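Examining the three-dimensional arrangement
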Amino acid sequence: MKEDTTYNDIREKSLLAWLDEMEQHEDIAVRGGVRLCREYMQYLKEKNVQLGKENELKNQYLKKMAMKKGQTLLHEGDSAESIGIVLEGAVQILREDYFGNRSIMGHIGPRQLFGESYAFAGTKTLPVSVVADADGSVLMIDSRSISSCCANVCEFHNRMIENMLRLVATHNLMLHQKIHITSKRTTREKLMAYLMNQMKLQNANSFTIPYDRQELADYLEVDRSGLSNEISKLRRE
């Protein structure tokens, strides 16, 4: 539905008529003020058009989604064109092999990113699933809006690309940490590497991790019973 601008049009015509009258004023200062007023009105018009285009881009490329714990946001095999940012809550990146063995690739919390590696690499379909680990919301972004600038080279677009690059770098650091941990040879070494990393991240000797025992086993890519044995040994030690 087109917005009714009749009232604003009447006000603008009235203002322009008054400016036309003041432009004939004998005082040069008044005439100078009229010129400045016209220039400022033109600036406001151009700014309004720019903001309108930015809002169109936001509506076209950005979509906010609510999520419930356990809800699958993206399925393995879905198109890999979307990038997600967690606004509230958390999600897990899951991968299952042919035999149904599950591996947790990562736990993504607020202001963190998921799906960008596959989107920017040109992968057609997702090799992983994204599942909500808590109630909250995510912002889904069409990756095509980031991979190339719009014709207007608008401030919104530049800011979005800058923020996205920062998030991609942060996510890559998380992946490097997981590789470092899961490359350890034994279950105990993997567990200790993970706990030491969490202690550094949270800067505390006592801390909370985002996984239950099964999820921790899936993240470390170890058997749950073996993990339980190592946890019991650490408690006794």
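Residues numbered from 1 in each chain as written. Predicted model: local features only at pLDDT ≥ 70, side-chain atom pairs only at ≥ 80, totals over all residues. Heavy atoms only, no water.

1. What to know about the sheet that holds strand S3 (residues 82-88)
The sheet built from 4 strands is open, its strands ordered S1-S8-S3-S6 with antiparallel pairing. Because the sheet does not close on itself, it has two edges, and the strands there are strand S1 (62-67) and strand S6 (113-114). Here 2 bridges tie S3 to S6, and the two strands are oriented antiparallel to one another. Residue glycine 84 lies in a different strand from S6, and its bridge partner there is phenylalanine 114. (Pairing = 2+ DSSP bridges. Helix = DSSP H or I, 4+ residues; strand = E, 2+ residues; numbered from the N terminus.)

2. Details of helix H7 (residues 213-220)
Count 3.6 residues to each turn of an α-helix, and residues three or four apart come out pointing the same way. Burial runs high along H7: 6 of the 8 residues are buried. Listing the buried residues of H7 in full gives Glu215, Leu216, Ala217, Asp218, Tyr219 and Leu220. Sitting at the amino-terminal end of H7 is aspartate 212, which places a side-chain oxygen 3.2 Å from the backbone nitrogen of glutamine 214. Directly beyond the C-terminal end of H7, a positive phi value near 60° is found at glutamate 221. (Buried < 20%, exposed > 50% of the residue type's maximum accessible area, 1.4 Å probe, protein only. Polar contact = N/O pair within 3.5 Å; in protein donor to acceptor, adjacent residues only side chain to side chain.)

3. Regarding unusual backbone geometry
Of note, asparagine 203 is a non-glycine position whose phi angle comes to about 55°, a positive value. Among the secondary structure elements, asparagine 203 is positioned in the loop between helix H6 (187-202) and H7.

4. Points about a nonpolar patch on the surface
Taken together, the side chains of Tyr40, Tyr43 and Leu44 define a hydrophobic patch exposed on the protein surface, amounting to about 330 Å² of accessible area. Inspection of the secondary structure puts tyrosine 40 in helix H2 (residues 28-61). (Patch = residues over 30% accessible without salt bridge, like charges linked within 9 Å, V, L, I, M, F, W, Y side chains within 5 Å. Areas by Shrake-Rupley, 256 points an atom, 1.4 Å probe, with all protein chains shown as cover. Salt bridge = Lys/Arg side-chain N within 4 Å of Asp/Glu carboxyl O.)

5. Structural notes on the confidence of the model for the chain
On average, residues of the chain score 81 in pLDDT, and 85% of them reach the 70 mark or higher. At the level of individual helices and strands, the chain shows its lowest average pLDDT in helix H4 (residues 144-147), which scores 67, and its highest in strand S7 (residues 129-132), which scores 94. (pLDDT = per-residue confidence, 0-100.)

6. Side note on the sheet that holds strand S5 (residues 102-108)
Sheet architecture is open: 4 strands sit in the order S2-S7-S4-S5, paired in antiparallel fashion. Single-partner strands in this sheet number two, and they are strand S2 (72-74) and S5. For this sheet, the mean inter-axis angle between neighbouring strands, taken without regard to orientation, is 35°. Where strand S4 (residues 91-96) lies against S5, 6 bridges are found, and the strand directions are antiparallel. The residue bridging glutamate 96 from the neighbouring strand is arginine 102, located in S5. Against the sheet, H7 touches S4 and S5, its axis set at about 100° to S5. (Axes fitted to C-alpha atoms, helices over the stretch in contact; angles between N-to-C directions. Contact = heavy atoms within 4.5 Å.)

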